[in-house]
Amino acid sequence: MGKSALIVEGGGMRGIFSAGVLDAFFENDFDPFQIYIGVSAGACNLSSHVAGQYQRNLRVYTNQMLRPDFISAKKFLRGGHYMDLDWLWETFQREDPLDVFAAEQATRMKSFIIVCTSVNRGHAVYLRPCADTWLDQIKASSSVPLFYRNGSYVNGEWLMDGGVADPLPVQEAIRQGAREIVVIRSRPLGYVKSAGFETFLTSFLFKRHAELSGAIRKASLVYRNAVSLIKNPPEGVMIHHIAPSRSLRTHRTSQDLNSLKSDYHLGLEQGRAAILQIRSGNLQANS
């Protein structure tokens, strides 16, 4: 019998939607999954979820992540980070730490996979965290090129945002044996990713790292191919979407409290509805 997988897309501050969906899952004790795969903000949200830290994601999005120390154009113009993950991780650990030991214990008999992109190879890297490495790995997955200048070194490899090489890792879930997959998106179903100015700028700035630069240029195509796979899965694979029913009020670097709360509650509502539909077998797949 095939396994069941939960995939959570990234998207920076748009991750508030998946935070709501995951809290709906927690409230309803909905956890039929043997495989969890998170990308960037999705990996962070999933980590709190499997650790049993109900509403931690909501707290950090509406507290620490709203402070000017985290997202700062002034820091960026002075040569620092636009999204300062160093400051954020230190603040999390001091004020509202992720329980990495609980996360490790909860997934001991399951698979928890964090998606990153190799700077030197330009390929997706699929990491399996333990308590000692969990924080470093989700930080690496969240290291958006340009916004966070450094990237992260994990196991001797320079890694960045998993959303570059594999933003919707459905193929990896299938490769891991998943035959029923739930994908929590941070974009509406009709969203089509295209290369824009940020893509060309980031690719140019990383031109000395040819493989990463190439991966950045191809990111929109990779995204579209993943959406096509979700809509047309292989025989024997069922894929369910949980995607915002409207464009989120929150954008990747938004710090508006009202927008975040609105999109969190949208995630709660859609998560609760999806549970009922999945349990009854009526959730429309591949839509």
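All of the points below concern the structure found in this document. (Residues numbered from 1 in each chain as written. Predicted model: local features only at pLDDT ≥ 70, side-chain atom pairs only at ≥ 80, totals over all residues. Heavy atoms only, no water.)

## Details of the pairing of strand β2 (residues 35-39)
The side chains of a regular strand alternate, residue by residue, between the two faces of the sheet.
Argument step 1. Among the five residues in β2, five count as buried, and that is most of the element.
Argument step 2. Across the two faces of β2 the burial is the same, with I35, I37 and V39 and Y36 and G38 all buried.
Argument step 3. Remark: the strand β1 (residues 3-8)/helix α1 (residues 16-27)/β2 crossover connection has right-handed handedness.
Argument step 4. In this structure, β2 lies alongside strand β3 (residues 111-118), joined through five bridges in parallel fashion. Paired with Y36 across the two strands is F112, which belongs to β3. (Buried < 20%, exposed > 50% of the residue type's maximum accessible area, 1.4 Å probe, protein only. Helix = DSSP H or I, 4+ residues; strand = E, 2+ residues; numbered from the N terminus. Right-handed = clockwise from strand over helix to strand, strands pointing away. Pairing = 2+ DSSP bridges.)

## Here we look at the packing of α1 against helix α2 (residues 41-50)
Argument step 1. Relative orientation of the contacting elements α1 and α2 amounts to 20 degrees, with a least axis distance of 10 Å. Between α1 and α2, the interaxial angle falls into the category roughly parallel. In this structure, α1 meets α2 at a crossing whose hand is right-handed. Of the residues in α2, those touching α1 at S18, A19, L22, F25 and F26 are N45, L46 and H49.
Argument step 2. Looking at the contact of α1 with α2 residue by residue, the classes come out as five nonpolar, three polar and no charged. (Axes fitted to C-alpha atoms, helices over the stretch in contact; angles between N-to-C directions. Parallel < 35°, antiparallel > 145°, perpendicular 65-115°, else oblique. Left-handed = near helix turned anticlockwise from the far one by under 90°. Contact = heavy atoms within 4.5 Å. Nonpolar A, V, L, I, M, F, W, Y, C, P; charged D, E, K, R; others polar.)

## Looking at the nonpolar core
It is characteristic of soluble globular proteins that their nonpolar side chains tend to be buried jointly.
Argument step 1. Core analysis: the largest hydrophobic core is formed by 61 residues, its most contacted members being L6, F25, F70 and W134.
Argument step 2. In contact with F70, not counting residues within four places along its chain, are M13, Q64, M65, Y82, M83, D84, L85, W87 and L88.
Argument step 3. Of all hydrophobic cores here, the second largest spans 21 residues; its members include V39, V183, V227 and I230. (Core = buried A, V, L, I, M, F, W, Y, C linked by side-chain atoms within 4.5 Å.)

## Quick look at empty space enclosed by the protein
Argument step 1. For the structure shown, the criterion picks out two cavities of 30 Å³ or more.
Argument step 2. If you add up the space inside the largest cavity, you get close to 300 Å³.
Argument step 3. Taken together, 24 residues form the lining of the largest cavity, with C44, M65, L88, W89 and S142 sitting closest to its centre.
Argument step 4. Secondary-structure elements contributing two or more residues to the lining of the largest cavity are α2, α3 (56-61), α5 (85-95) and α7 (134-141).
Argument step 5. Of the residues that constitute the lining of the largest cavity, the class distribution is 15 nonpolar, eight polar and one charged.
Argument step 6. Roughly 30 Å³ of internal volume is contained in the second largest cavity.
Argument step 7. L22, D23, F26, S48, H49, Q53, Y54, Q55 and N57 together form the lining of the second largest cavity.
Argument step 8. Top element by residues in the lining of the second largest cavity is α1. It accounts for three residues.
Argument step 9. In terms of residue class, the lining of the second largest cavity is made up of three nonpolar, five polar and one charged. (1 Å grid on protein atoms, 1.4 Å probe; cavity = no way out; pocket = protein on both sides within 12 Å on 5 of 7 lines; lining within 4 Å. Points joined across faces, edges and corners; volume = space filled by probe spheres on them.)

## With respect to helix α12 (residues 257-280)
Argument step 1. Under the 1.5 Å per step criterion, the end-to-end length of α12 is 35 Å for 24 residues, consistent within 8% with the ideal 34 Å.
Argument step 2. Taken together, the buried positions of α12 are S259, L260, D263, Y264, L266, G267, L268, Q270, G271, A274, I275 and I278.
Argument step 3. Buried positions along α12 lie against α1, α3, β7 (178-184) and β8 (238-242). (Expected span 1.5 Å × (residues − 1).)

## Overview of the side chain of E9
Argument step 1. Along the chain, the position of E9 falls in the loop between β1 and α1.
Argument step 2. Within the structure, the side chain of E9 is placed 2.9 Å from the backbone nitrogen of S186, a separation counted as a polar contact.
Argument step 3. With sequence-adjacent residues up to four places away left out, E9 is seen in contact with V39, G42, P167, L168, I184, R185, S186, R187 and Y223. (Polar contact = N/O pair within 3.5 Å; in protein donor to acceptor, adjacent residues only side chain to side chain.)

## Looking at unusual backbone geometry
Most peptide bonds take the trans form, and the phi angle of most residues other than glycine is negative.
Argument step 1. Phi at D29 takes a positive value of approximately 50 degrees, unusual for a residue other than glycine.
Argument step 2. Accessibility expressed as a relative area gives 66% for D29, which makes it exposed.
Argument step 3. Of note, L146 is a non-glycine position whose phi angle comes to about 80 degrees, a positive value.
Argument step 4. Note that L146 resides in the loop between α7 and β5 (152-154).
Argument step 5. The exposure class assigned to L146 is buried, which follows from its relative accessible area of 15%.

## Examining the packing of aromatic side chains
Argument step 1. Counted under the stated rule, the structure contains 12 aromatic pairs.
Argument step 2. For the pair F30 and F33, a centre-to-centre distance of 5.8 Å together with 90 degrees between the ring planes defines the contact as edge-to-face.
Argument step 3. Judged by its relative accessible area of 2%, F33 falls in the buried class.
Argument step 4. Among the aromatic residues, ring-to-ring pairing joins F25, F30, F33, Y36, F112 and W134 into one connected group.
Argument step 5. Looking at R56, its charged tip hangs above the ring of F92, at a distance of 5.2 Å from the centre. (Phe/Tyr/Trp six-rings, centres within 6.5 Å; stacked < 30°, edge-to-face > 60°. Lys NZ or Arg CZ within 6 Å of the ring centre and 35° of its normal.)

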